[in-house]
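Report on the structure
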Amino acid sequence: MKLIHCLLLLLCVGLSFCKTLSLIQQDLLDEKCLKEKYTHQSCEKVFCQPWERCVEGSCICKLPYQCPKAVMSVCSTTGKTYNNYCQLKSHECLSQKTKFLTNGTCHSQGQFDLSLKFGDTESEGLVEVQLGNTTAFICKKNWSITEANVACLYRGFKGGAVDYKKTFNFPDDVDVKITDCLEANCRGLETTLAECGLTKRKANSKDLAGVVCHAQETDLLNDGSFPCVNGKYIPLEQTCDGINDCGDQSDELCCKGCRSGGFHCKSGVCIPKEYQCNGEMDCIKGDDEVNCEGLGHSEVQDSEVQGTRNFEHAGQEQAEILSANMDEDRKLLKSLLPQISCGVRNNTHVTHVRRKRIVGGQIATEGDFPWQVTIKEGEKIHCGGVYIGGCWILTAAHCVRKNVAHRYLVWTGVLDWIRFNPGIAVQRVNRVIIHENYSGSTYQNDIALIELQKHPNKATCELAPTTPACVSWSQYLFNPGDKCFVSGLGRNKGPRNLFRLRWGEVKLIGNCSKYYSNRFFEKEMICAGTDDGSIDACKGDSGGPLVCMNSNNVSYVWGIVSWGENCGNPEFPGVYTKVSNYFDWISFHVGRRLISQYNV
Ligand code: ARG
């Protein structure tokens, strides 16, 4: 194997086609993203598990009471019965002392173990599983790196598996007659093969799965390999193919495209092709579950292991299910988590109206931008703002001052400032929170929160028909080139306000430092505009929303109108506060529950 590799390499020298070949492989990986060391626990890139929530970019353990209450009993290795899989996994996540054993309530003689047999070292061998009073080897059938990683992780090898195809032979002095094996079917992030479901099948000694786990010494540190975050190295060809070879998913999270087996999420993640249109959102933007007509991967898959049913008929062969696959429970529990409603407008014509300009702009009609608010100080329309739920308005720091909260009024539902349209409401302000690192000279951290006063005898701020815009927890939800909408009551190119709510479609612009060399801070700001500069925000629009829609037409406040060199100038696009950078700051003040749409 090695020799062939060397020969090929030698042959390659000077041959340009080989070079382009390796370039293509390298090209799929986004180097800048790789520096962030994302794993399956990075909620910038992936959804957390139902028993986890997303805090400061990482999935951390939930407390069991934060799981759904549904009773779908499962039994743990400590002999304790839990209400459901989420609650058990939450306990496991917190204490590492318990694992899934079976579904249903616990019976007396439950135990699970996994050992590696007949290898040359501790870290390899045939995979033998003991479940209750059954001891059996795992089948080669369906055995892949996904299952092998789970087995190795269970044995304590943090890097998972390095090989799942190696064969191991019974020593001559061992006389066993193999009649059956256990087939496992994992998703890849389980912590024990029991969770993957174990089905007994007829087998002989040639049908058994072997594994080589990643033990530190076996590192192959050569050029053609990819360093997983967990310390393992895998061949470059195995990155960005939708398969979690690393075991921590780090080979699939920074991809500019995917190899054949993978579906490319717009967030730069490769997921298995089978996850496309399977009824579960896997890409954070939801792009794996749109345009699914005729593509349905759901229902068609082999009739999944279900509850108490203990036999399935695969051909003539009768197979016994020893342990249920927990994937259905996982999905069901996920659907039972609390959900907030945001970003959905009662009116969708905005997307297909012809585009004009907000500097100039298109006049909005009722329900187009139900999160848009107008902030008044004294007699003047002062700034725009965005309703994000509860009693909270997001706006620009440069729009408000802390000590004059009593002077502001927040108007919702305004479309026409001269001839008031119906449905307008006015609220007083209780408090203004300005970002502590806001700089009036550089416009860094130009973000503030306004808390509205509650209605006299109500506990809430009922702002209906105002709908909150969603707040993004991840900086990967939208990318340069995506189309978004800016809206506001601000000025056209002329000197005066226009007194009508207007909107325009703009494109997110990457590399904005080239327009504003020393003034643009990539971590905190985003640029948006059009190639000809014809659409832009302008004076008076500040604090208002730049919203982008995900694949399911859910609107997120992605930017807050902050600054720009003049208005509608193609050399100087509009600059916005990058809201996703402030998710934690916002949730600290308004409460995570209010704005966490996923990963709650
Ligand atoms: N700072 C301005 C305001 O107070 C907003 C400017 C936005 N300018 C732009 N070209 N996008 O209203």
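For the structure itself, consult the block above.
An account of the accompanying structure is given in this report.

About the criteria used
Residues numbered from 1 in each chain as written. Predicted model: local features only at pLDDT ≥ 70, side-chain atom pairs only at ≥ 80, totals over all residues. Heavy atoms only, no water. Helix = DSSP H or I, 4+ residues; strand = E, 2+ residues; numbered from the N terminus. Buried < 20%, exposed > 50% of the residue type's maximum accessible area, 1.4 Å probe, protein only. Contact = heavy atoms within 4.5 Å. Patch = residues over 30% accessible without salt bridge, like charges linked within 9 Å, V, L, I, M, F, W, Y side chains within 5 Å. Areas by Shrake-Rupley, 256 points an atom, 1.4 Å probe, with all protein chains shown as cover. Salt bridge = Lys/Arg side-chain N within 4 Å of Asp/Glu carboxyl O. 1 Å grid on protein atoms, 1.4 Å probe; cavity = no way out; pocket = protein on both sides within 12 Å on 5 of 7 lines; lining within 4 Å. Points joined across faces, edges and corners; volume = space filled by probe spheres on them. Disulfide = S-S within 2.5 Å. Pairing = 2+ DSSP bridges. Axes fitted to C-alpha atoms, helices over the stretch in contact; angles between N-to-C directions. Near = heavy atom within 4 Å. Polar contact = N/O pair within 3.5 Å; in protein donor to acceptor, adjacent residues only side chain to side chain. Nonpolar A, V, L, I, M, F, W, Y, C, P; charged D, E, K, R; others polar. Core = buried A, V, L, I, M, F, W, Y, C linked by side-chain atoms within 4.5 Å. Phe/Tyr/Trp six-rings, centres within 6.5 Å; stacked < 30°, edge-to-face > 60°. Lys NZ or Arg CZ within 6 Å of the ring centre and 35° of its normal.

**Let's talk about the overall build of the chain**
Along the backbone of the chain there are 9 helices and 32 strands. Classification of the 600 residues of the chain by burial places 52% in the buried group. Considering only contacts in the chain between residues 6 or more positions apart, those separated by 24 or more positions represent 61%.

**Quick look at a nonpolar patch on the surface**
A surface patch of nonpolar side chains, about 320 Å² in accessible area, is lined by Leu63, Tyr65 and Leu94. The residue Leu63 is located in the loop between β2 (58-61) and β3 (74-76) in this model.

**Focus on the layout of surface pockets**
Each pocket or cavity is described by its volume, and for the second largest pocket that value is around 1,200 Å³. Lys32, Gln475, Tyr476, Glu522 and Lys578 are, among the 43 residues lining the second largest pocket, the residues nearest its centre. For the lining of the second largest pocket, the elements supplying multiple residues, two or more each, are α3 (31-34), β28 (502-509), β29 (525-529) and α8 (583-590). Among the elements that line the lining of the second largest pocket, the one with the most residues is β29, at 3 residues.

**Some words on the state of the cysteines**
All chains considered together, the criterion is met by 20 disulfides. In this model Cys383 forms its disulfide with Cys399; the gap between the sulfur atoms is 2.0 Å. An S-S torsion of about -75 degrees defines the bridge between Cys383 and Cys399 as left-handed. In this pair, Cys383 sits in strand β21 (residues 380-389) while Cys399 sits in the loop between β22 (392-395) and β23 (408-412), placing the two residues 16 residues apart along the sequence. With its sulfur 1.8 Å from that of its partner, Cys512 forms a disulfide with Cys527. Between Cys512 and Cys527, the S-S dihedral sits near -80 degrees, and the bridge is therefore left-handed. Placement of Cys512 in the loop between β28 and β29 and of Cys527 in strand β29 is noted, with a sequence separation of 15 residues between them. With a relative accessible area of 2%, Cys512 lands in the buried category.

**Concerning the pattern of salt bridges**
Where side chains of opposite charge bring their charged atoms close, a pairing between them can arise. If you walk through the whole model with that rule in mind, you get 21 salt bridges. Ionic pairing is found between Asp327 and Arg330, a salt bridge with its closest N-O pair at 2.8 Å. Linking Asp327 with Arg330, this pair stays in helix α7 (residues 327-335), spanning 3 residues, or about one helical turn. Looking at Arg330, the relative accessible area reads 6%, which means it is buried.

**What to know about the sheet that holds β22**
Strand order in this closed barrel of 6 strands is β20-β21-β22-β25-β24-β23, and the pairing throughout is antiparallel. On average, each strand axis in the sheet is inclined to that of its neighbour by 40 degrees, with strand direction left out of account. As paired strands, β23 and strand β24 (residues 425-434) are joined by 4 bridges and run antiparallel to one another. Residue Leu409 lies in a different strand from β24, and its bridge partner there is Arg428.

**Considerations on the site of the ligand**
Taken together, 15 residues lie near the ligand, and Asp536, Gly540, Ser542, Ser562 and Asn566 sit nearest. Between a nitrogen atom of the ligand and a main-chain N or O atom of Ser562, the distance comes to 3.1 Å. Residue Asn566 places a main-chain N or O atom 2.8 Å away from a nitrogen atom belonging to the ligand. Look at the ligand: alone it shows 350 Å² of surface, and the protein chains cover 88% of it. With 3 residues, strand β31 (residues 555-563) is the single largest residue contributor to the shell around the ligand. Residue composition of the shell around the ligand, by class: 5 nonpolar, 7 polar and 3 charged.

**A closer look at the pairing of β21**
When you tally the buried positions in β21, you get 8 out of 10 residues, the bulk of the element. Two strands pair when backbone bridges link them, and strand β20 (residues 372-377) and β21 are joined in this way by 6 bridges, in the antiparallel orientation. Opposite Lys376, over in β21, you have Ile381 as the bridge partner. Two successive antiparallel strands, β20 and β21, enclose a turn made up of 2 residues, where Gly378 displays a positive phi of approximately 65 degrees. Bridge count for β21 against β22 is 3 bridges, and the pairing is antiparallel. Along β22, the bridge assignment pairs Tyr387 with Ile393. Here β21 folds back onto β22 in antiparallel fashion, the turn holding 2 residues, of which Gly390 has a positive phi close to 55 degrees.

**Examining the sheet that holds strand β5 (residues 100-103)**
Read from one edge of the open sheet, 3 strands run β4-β3-β5, paired in antiparallel fashion. Each of the sheet's edge strands pairs with one partner strand only, and the pair in question is β4 (81-82) and β5. Pairing of β3 with β5, which is carried by 3 bridges, proceeds in the antiparallel orientation. Bridge assignment links Cys75 to a residue of β5, and that residue is Thr102.

**Quick word on the nonpolar core**
Counting 92 residues, the largest nonpolar core has Ile388, Leu394 and Ile586 as its most contacted members. Excluding its chain neighbours within four sequence positions, the residues that come into contact with Leu394 are Gly385, Val386, Ile388, Ile447, Ala448, Leu449, Gly543, Val557, Ile560, Val579 and Ile586.

**Things to note about the environment of Asn553**
Here Asn553 shows up in the loop between β30 (545-549) and β31. Asn553 sits in the partly exposed class, given a relative accessible area of 47%. Note: C-alpha distance between Asn553 and Arg345 (208 residues apart in sequence) is 9.0 Å.

**A word on helix α5 (residues 145-154)**
For α5, the tally of buried residues reaches 8 of 10 residues, placing the bulk of the element in the interior. Turning to α5, its buried residues are Ile145, Thr146, Glu147, Ala148, Asn149, Val150, Ala151 and Cys152. Buried residues in α5 make contact with β6 (112-118), β7 (124-131), β9 (161-163), β10 (180-184), α6 (193-196) and β12 (210-213).

**Concerning the packing of aromatic side chains**
Within this structure, the stated rule accounts for 20 aromatic pairs. Measuring from ring centre to ring centre gives 5.4 Å for Phe112 and Tyr154, while their planes differ by 85 degrees; the resulting arrangement is edge-to-face. With Phe112 in strand β6 and Tyr154 in helix α5, this residue pair connects regions lying 42 residues apart in the sequence. On the accessibility criterion, Phe112 (5% relative accessible area) is buried. What makes Tyr154 partly exposed here is its relative accessible area of 21%. Positioned above the aromatic ring of Tyr82, the side-chain terminus of Lys80 is 4.6 Å from the ring centre. Above the ring of Phe485, the side-chain terminus of Arg345 is found at 5.8 Å from the ring centroid.

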